[in-house]
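Structural overview for review
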Amino acid sequence: MKLTPGPVMLDVVGKTLNSDDEHRLAHPMTGGVILFARHFESRAQLVALTDAIRDIREDLLIAVDHEGGRVQRFRTDGFTVLPAMGKLGSLWDEDVLRATKVTTAVGYVLASELRACGIDMSFTPVLDLNYGHSQVIGDRAFHRDPRVVTMLAKSLNHGLALAGMANCGKHFPGHGFASADSHVAVPVDERTLDEILGEDVTPYDWLGLSLASVLPGHVIYPKVDSKPAGFSRVWIQDILRTKLGFEGAIFSDDLSMEAARQGGTLTQAATAALEAGIDMVLICNQPDEAGKVLDALCFMPSEESRQRLERMRPRGDALSWTQLKDEPQYQQAQALLREAFAG
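Rules used throughout
The residue count restarts for each chain, going from 1 along the sequence in the order it is written. Note on the predicted model: pLDDT of at least 70 is required for a residue's local features to be given, and 80 or more for side-chain atom pairs to be given and counted; whole-chain, interface and lining totals, by contrast, use all residues. Heavy atoms throughout the structure, all of them, feed into the side-chain values; hydrogens and water do not. Every axis corresponds to a line fitted to the C-alpha atoms, with the helix fit spanning only the stretch in contact, and the corresponding angles, defined between N-to-C directions, vary from 0 to 180 degrees. Numbered from the N terminus, helices here are DSSP runs of H or I no shorter than four residues, and strands are runs of E no shorter than two. Every angle not falling under 35 degrees, over 145, or within 65 to 115 is termed oblique; those three ranges are roughly parallel, roughly antiparallel and roughly perpendicular. By convention, the crossing between two helices is left-handed when the near helix turns anticlockwise from the far helix through less than a right angle, and right-handed when the turn is clockwise. When checking whether two residues touch, look at their non-hydrogen atoms; a contact exists if any pair is within 4.5 Å. The residue classification treats Ala, Val, Leu, Ile, Met, Phe, Trp, Tyr, Cys and Pro as nonpolar and Asp, Glu, Lys and Arg as charged. All others, Gly included, are polar. Points on a 1 Å grid over protein atoms alone make up a cavity when a 1.4 Å probe fits among them but cannot get out, and a pocket when they form an open set with protein on both sides within 12 Å along at least five of seven lines; lining residues each have an atom within 4 Å of a point. Grid points are joined across faces, edges and corners, and a volume is the space filled by probe spheres set on the points. Burial here depends on accessible area, computed with a 1.4 Å probe over protein chains only, as a share of the maximum for the residue type. Under 20% is buried, over 50% is exposed, and the range in between is partly exposed. Strands pair, by our definition, only if DSSP identifies at least two bridges between them. The salt bridge definition used is simple: a Lys or Arg side-chain nitrogen within 4 Å of an Asp or Glu carboxyl oxygen.

1. Brief notes about the packing of helix α4 (residues 96-116) against helix α5 (residues 146-162)
Running from N to C, α4 and α5 point in directions that differ by 40°, and their axes come no closer than 7 Å. Considering the angle they form, α4 stands oblique to α5. Relative to α5, the crossing made by α4 is right-handed. Contact with α4, carried on its side by A99, T100, T103, T104, V106, G107, Y108, L110 and A111, involves L152, S155, L156, H158, G159, L160 and L162 of α5 and no other residues of that element. The residue inventory of the contact of α4 with α5, partitioned by class, reads nine nonpolar, seven polar and no charged.

2. Topic: the layout of surface pockets
Its volume calculated, the largest pocket comes out at about 420 Å³. Lining the largest pocket are 22 residues, and of these L209, S210, L211, A212 and R311 lie nearest its centre. For the lining of the largest pocket, the class distribution of residues is 10 nonpolar, seven polar and five charged.

3. Details of the environment of Q323
On the secondary structure map, Q323 appears in helix α12 (residues 321-325). In this structure, the C-alpha to C-alpha distance between Q323 and L337, residues 14 residues apart in sequence, is 20 Å.

4. A few points about the pairing of strand β9 (residues 249-254)
Of all six residues that make up β9, six are buried, and the element is covered over most of its length. The pairing of strand β8 (residues 213-216) with β9 spans two bridges and is parallel. In the sheet register, S213 faces β9, and the bridge partner there is A249. Relative to strand β10 (residues 280-283), β9 is paired through two bridges, and the arrangement is parallel. Each bridged residue has a counterpart across the sheet, and for F251 the counterpart in β10 is M280.

5. A closer look at the pattern of salt bridges
Scanning all chains against the criterion turns up 19 salt bridges. Ionic pairing is found between D120 and R54, a salt bridge with its closest N-O pair at 2.8 Å. Of this pair, D120 sits in the loop between α4 and β6 (121-122) while R54 sits in helix α2 (residues 43-56), and the two are 66 residues apart along the sequence. Here R54 falls in the partly exposed class, since its relative accessible area comes to 22%. When the shortest N-O distance is used, the salt bridge between D279 and R308 registers 2.9 Å. Note that D279 is positioned in the loop between α9 (266-276) and β10 and R308 in helix α11 (residues 303-310), a separation of 29 residues in sequence. Each member of the pair D279 and R308 is classed as buried. Overlapping salt bridges, with partners in common, bring together D65, E67, R73, R140 and K170 in one network.

Following this line, the structure appears as structure tokens:
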């Protein structure tokens with residue numbers, strides 16, 4: 001039976017599917033699967049897992065947080081260990097042209113390796129500014145200067161697109177100024193709307209149509225709204241959709257994180273995020289609890305929302321790993337990375 005993808009992205013229990021996983025993946029409210037390091041043992045196993053997911057539902061979007069640096073889920077069995085984005089920012093400070101070329105190479109290697117293993121998208125690039133005091137962002141950010149962040153993100157997105165992969169800018173409107181880690185606390189950013197619009201939001205504005213999707217952070221900006229951005233119609237509808245004219249998909253950050261619990265139960269949080277304008281909510285590392293949300297959630301996505309998520313699917317056929325290793329563009333990208341980060 002062909003289902004229309006639902007608005008929930010969840011993960012599976014282990015490196016292979018069990019019967020409970022299969023039941024949750026077949027649920028009409030499920031629209032995607034997010035994978036983590038605990039789902040990876042080898043490339044062959046990863047391909048078998050993504051194939052098994054597709055056997056249940058061909059329409060599910062398979063995603064991963066695979067940025068480079070300390071946020072890279074797959075790092076062995078042939079996967080290229082990618083640099084933190086902050087290293088690309090440092091390279092920019094030395095040689096602008098070289099930095100853009102290397103960043104495009106990073107995007108291409110990242111996307112082509114994931115696609116060779118059956119993964120549709122990575123939640124990247126990070127568009128946060130590195131103010132130097134965020135516990136969770138740090139060198140995940142390209143730079144402090146929003147102009148540099150924009151140019152390097154554009155180069156990374158170009159590399160992703162060359163491999164047929166869409167992108168996701170995060171964490172809107174900006175997580176770099178708040179010091180707390182939203183995984184374990186509730187970050188608060190006391191700046192005014194004009195300050196945030198003038199700094200952190202500018203990459204989203206300047207990237208415009210080249211951004212395929214956006215992921216708001218679980219940060220509260222009390223001078224703008226009392227709700228975290230991912231639950232705020234002010235940030236999602238008034239600013240991102242209306243003021244910036246953003247027409248792509250919007251994903252929630254993980255609703256299992258401490259900062260998301262402001263929304264109540266997981267089902268209440270998912271409902272609040274979807275009603276605020278999120279297209280797909282993420283529930284990570286709690287498959288059983290995610291299953292309860294699937295059964296309890298009463299929400300019908302709009303046709304426009306479905307179309308936005310449909311545009312996140314990869315374009316073109318993916319190369320197999322063997323084909324990829326012999327491809328000139330991949331070899332050239334690898335040579336650029338070795339030259340830039342040798343030693």
